[in-house]
Amino acid sequence: MLKRFNIRVTGIVQGVGFRPFVFNLARSLALGGWVWNTSAGVEIEVEGQTEQVNSFYRRLQGEFPPLARLDSVEFSERPLQGERKFVIRPSSSGEMRTVLISPDVATCPDCRRELLDSRDRHFRYPFINCTHCGPRYSIIKDVPYDRASTTMAEFPMCLDCQTEYNNPADRRFHAQPNACPVCGPSYRLLDKTGEPMEEQADLFGQVRQLIQAGAIVAIKGIGGYHLACDAFNGFAVDNLRRRKVREDKPFAVMGGSMAAVRQMCLVNQTESEWLTGTVRPIVLLIKGTGYCLASGIAPGSSCIGVMLPYAPVHWLLLQPDDVWVMTSGNRSDEPIAYEDADAKERLFGIADYFLVHNRMIYRRVDDSVLRVVKDKPYMLRRSRGFAPAPVALAGEYPCVLAVGGELKNTFCLTRGRQAFLSAHIGDLENLATYQSYCQSIAHYQKLFDIRPEMVAYDLHPDYLATKYALSLELPGIGVQHHHAHIVSVLAEYGINEPVIGVALDGTGYGTDGNLWGGEFLLADCRQFVRLGHCRYLHLPGGEKAIREPWRLAVWLLYELYGKEFVRWQLPLAGRLPTGWELLVSATAQGINAPLSSGVGRLFDAAAALLGLRSVIHYEGQAAVELEQAAERQAGTVLPYDIQEGQPKILDFRPVFAAMVEKLRQGKSSGELAAAFHTTLAAAVVDMVGRISRDTGIRRVALSGGVWQNMTLLNQVIRMLQQNKLMVYIHRQVPSNDGGLALGQAIIAGEKIKESR
Ligand SMILES: [Zn+2]
Ligand SMILES: [Zn+2]
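Residues numbered from 1 in each chain as written. Chains lettered and ligands numbered in written order. Predicted model: local features only at pLDDT ≥ 70, side-chain atom pairs only at ≥ 80, totals over all residues. Heavy atoms only, no water.

Peer 1: Looking at this model, I keep getting lost on the overall build of the protein chain. Mind explaining?
Peer 2: Helix and strand counts for the protein chain come out as 22 helices and 29 strands. Relative to the 2.2 N^0.38 estimate, which gives 27 Å for 756 residues, the radius of gyration of the protein chain is 28 Å and therefore close to what a compact globule would have. A buried classification covers 61% of the 756 residues belonging to the protein chain. Here the contacts in the protein chain between residues at least 6 apart in sequence split such that 71% fall between residues at least 24 apart. (Helix = DSSP H or I, 4+ residues; strand = E, 2+ residues; numbered from the N terminus. Rg over C-alpha atoms; globule rule 2.2 N^0.38 Å. Buried < 20%, exposed > 50% of the residue type's maximum accessible area, 1.4 Å probe, protein only. Contact = heavy atoms within 4.5 Å.)

In structure tokens:
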């Protein structure tokens, strides 16, 4: 019997080889009909024997190409039309733009093979790609996604490329960035002043020689510039650090092969899958016994951020044994450079050479960073390879813009069951970053055709994102920072019932005007109650106390012992700057001493007290170093105090008193750093247990930047599970402020739904 089906597919189905797949499948089953791209996805009609039509429908959903993502497949039966041939029809253009855009994808194995095949016309061509790989988001100016609306538009295809592009049986059928040495973009080498160098026959071999000789090279890639140098060369690494004005923050490296990575780090199965997959993020790995990179790469750290080549240029540059520093092409705190003129200007004085190409990067995209926790990804920066693919939501949501926070900013737009969380934007206090932020919001709204009916923003009046939101002519909703953190976890799991939310971070604006950051909330997607928090601590000198943790430690010691402590043998007491007494008396009078409940501040104070770090050079440095000091030490639980009440108060002063006592007894700082972690974990679990008994709630969501601390995270998860509580941690978005916008968007969306 003959049958005809109409099938509508939504999801990531354009620019990923979906139509040729449909075409080949239909032909192999001898079906007639057609396929075309619509503004909503892909529409198909097939006609043929019932068994074949059924088989088509089944295999469509089981065998689709690797980069495609099917969000919905609807089918209906249609009257027969006697069609025998299957064709790809030209695309339709509709009103609604609901197509999803693929993120940038690492070069696939087929292209990699051709890249190294001297008989192939793409041999050693650094822009080789196909429907299964290559740049996407970074080159798209507009939708529908075809060559004319990408930055490849200025490279007309040669006959060979056009033939591939037109042939549905070819793996480059409608590969929009398709190009070859004859017709496509190309690389050039410039000296440090931006003047073209005399090029040797093997440009990439030439660059590798320069790097081996100790040079720093700015390399234009997929989403922006990297600064590269030989990771074994201490002199080059130190040079890079000095020129980039980056004192201690670790550099990421790129290994030429998996073998090179295994040589220096421990790699488990899941980590290896992420390193070699289509996303190819930077994965944080633990250094192994064979680790021998220059000491300046990740000073003092037991971990290092590692990635493998993901663009053709990387395979052409790195030999299998090579390990190169590959850090964002920027000066400290600036956004990554992606425009050529801008790169030459801003990287002047840092790079010895520039390896540039003439394809424009339309939107900059940083490398994504994750680590593997309990066999699943734990995101630290969600960017290349992930954005702009949406986070799937459990229910339908109205269109909302959430503007995010101040540091590690991302924004979020919602539509239906999708939340489009932007690629990593960066710290908005930088003007160039802020400009890029405004442009990216406009770009996302255009690409996904989202006209928000409400804007959600953080309560902090000084955040640039908040000011931006208030400048829009849209109804707005202010969202408390830690509520947004917790709801961003709930959104990932589609939970919309009250949970115990443990939001631990450095700083977030509280509803009482104080700085929060050690919060135990009873929260759902609409509202929250603050059931507990860490005891407020003065920040002596305000913001300065965040950059100079010794201030916190001094104030704590003063609170506990008066000026007595100076005469004791404490690591901190010997290195106090002059004027500390003035600071203490000003703080005692409440002058420039705002209150903070941030757990980040407890880490800072502990690191300073133990003599590990009294001034920081990047956000979270004291906490990172405290965690490092705690490694391989068994921590004991020190006394802490919880005052019952509404809210309950967790007081950590007894912990500091115990640490002082043990320091005077000669205990090591490593031992005490471990005790600090163990005690914090125990106190968190104690608080959660009490709240759970009071409320009967057994679900616990963890969010906030402090949960990037693996020692604390692992201990708390284990202890909560021992207490038969259900623990939810982030998997798709970062627990730091990079995930904030998702929570803001959901809270605003719920608000709109409620008012209808
Ligand atoms: Zn490919
Ligand atoms: Zn060509």
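Peer 1: Can you walk me through the layout of surface pockets in this structure?
Peer 2: Considering only enclosed or pocket space, the second largest pocket measures out at about 510 Å³ in volume. Lining the second largest pocket are 22 residues, and of these Pro103, Val279, Gly385, Phe386 and Ala389 lie nearest its centre. Those elements that place two or more of their residues in the lining of the second largest pocket are strand E16 (376–381) and strand E17 (391–402). Tallied by class, residues from the lining of the second largest pocket come to 14 nonpolar, 4 polar and 4 charged. (1 Å grid on protein atoms, 1.4 Å probe; cavity = no way out; pocket = protein on both sides within 12 Å on 5 of 7 lines; lining within 4 Å. Points joined across faces, edges and corners; volume = space filled by probe spheres on them. Nonpolar A, V, L, I, M, F, W, Y, C, P; charged D, E, K, R; others polar.)

Peer 1: Explain the sheet that holds E17 to me, please; I cannot follow it from the model alone.
Peer 2: In a beta sheet, neighbouring strands pair by backbone hydrogen bonds and run either parallel or antiparallel. The strand order across the open sheet built from 4 strands is E18-E17-E19-E20, with neighbouring strands paired in mixed fashion. Strands with a single pairing partner mark the edges of an open sheet, and in this sheet they are strand E18 (412–421) and strand E20 (476–479). The average undirected angle you get between the axes of adjacent strands in this sheet is 55°. By the bridge criterion, 3 bridges tie E17 to strand E19 (residues 454–458) in an arrangement that is parallel. Note on E19: the bridge partner recorded for Val400 is Met454. (Pairing = 2+ DSSP bridges. Axes fitted to C-alpha atoms, helices over the stretch in contact; angles between N-to-C directions.)

Peer 1: Which parts of the structure should I look at to understand the coordination of the zinc ion (ligand 1)?
Peer 2: Within the protein, the zinc ion (ligand 1) binds to Cys108 (SG), Cys111 (SG), Cys130 (SG) and Cys133 (SG); these donor distances fall in the range 2.3 Å. Metal-centred angles of 105 to 116° between the 4 donor atoms at the zinc ion (ligand 1) mark the site as tetrahedral. Between consecutive donor residues of the zinc ion (ligand 1), the sequence gaps follow C-x2-C-x18-C-x2-C. The same class applies to Cys108 as to Cys111, namely buried. (Donors = N, O, S within 2.8 Å, 3.2 Å for Na, K, Ca; no water. Tetrahedral: all angles 85-135°; square planar, octahedral: opposite > 155°, others 65-115°.)

Peer 1: Just checking my understanding: could you explain the coordination of the zinc ion (ligand 2) for this structure?
Peer 2: Working reference: metal with six octahedral donors, ideal angles 90 or 180 degrees; metal with four tetrahedral donors, ideal angle 109.5 degrees. Surrounding the zinc ion (ligand 2) are the protein donor atoms Cys158 (SG), Cys161 (SG), Cys180 (SG) and Cys183 (SG), at 2.2 to 2.3 Å. One chain supplies every donor to the zinc ion (ligand 2), and in sequence these donors are spaced C-x2-C-x18-C-x2-C. Pair noted here: Cys161 is in helix H4 (residues 159–166) and Cys183 is in the loop between H4 and strand E6 (187–191), with a separation of 22 residues, a long-range link. On the accessibility criterion, Cys161 (0% relative accessible area) is buried. A relative accessible area of 11% means that Cys183 is categorised as buried.

Peer 1: Would you explain the sheet that holds strand E3 (residues 41–49) in this entry?
Peer 2: If you trace the 5 strands from one edge of the open sheet to the other, you get E4-E1-E3-E2-E5, paired in mixed fashion. Two strands in the sheet have a free side with no partner beyond their single neighbour: strand E4 (69–77) and strand E5 (86–88). Each strand of the sheet is rotated relative to its neighbour by a mean of 15°, with strand direction disregarded. Across 7 bridges, the pairing between strand E2 (residues 32–38) and E3 is antiparallel. The residue of E3 that forms the bridge with Gly33 is Val46. Contacting strand E1 (2–12), E2, E3, E4 and E5, helix H1 (residues 18–28) runs over the sheet at an angle of about 170° to E5. On the sheet, helix H2 (residues 50–62) packs against E1, E3 and E4 and is oriented at approximately 150° with respect to E3.

Peer 1: Quick question: what am I supposed to make of the pattern of salt bridges here?
Peer 2: Two side chains with opposite charge may pair up if their charged atoms get near one another. Overall, the coordinates contain 42 salt bridges when judged by the stated rule. The partner of Asp71 in a salt bridge is Arg69, and the shortest N-O contact between them spans 3.3 Å. With a shortest N-O distance of 2.6 Å, Glu644 and Lys648 are connected by a salt bridge. Each of Arg4, Glu45, Glu47, Arg78 and Glu83 takes part in salt bridges that share partners, so that together they form one network. (Salt bridge = Lys/Arg side-chain N within 4 Å of Asp/Glu carboxyl O.)

Peer 1: Please explain helix H12 (residues 464–471) as it appears in this structure.
Peer 2: Counting along an α-helix, one turn takes 3.6 residues, and residues three or four places apart therefore face a common direction. Along H12, the positions that sit buried rather than exposed are Ala465, Thr466, Tyr468 and Ala469. Considered in projection along H12, the buried side chains sweep an arc of 160° and stay on one side of the axis. With respect to the buried face of H12, the exposed residues turned more than 90 degrees away are Leu470 and Ser471. Residues of H12 that are buried make contact with E17, helix H11 (431–447) and E19. (Arc of directions from axis to C-beta.)

Peer 1: Even after reading the chapter, I still don't get the environment of Val46, so can you show me in this structure?
Peer 2: Note that Val46 resides in strand E3. When the C-alpha positions of Val46 and Ile7 are compared, they lie 8.3 Å apart, and in sequence the two are 39 residues distant. Setting aside anything within four residues of it in sequence, one finds Val46 in contact with Lys3, Arg4, Phe5, Ile7, Leu31, Gly32, Val53, Phe56 and Phe86.

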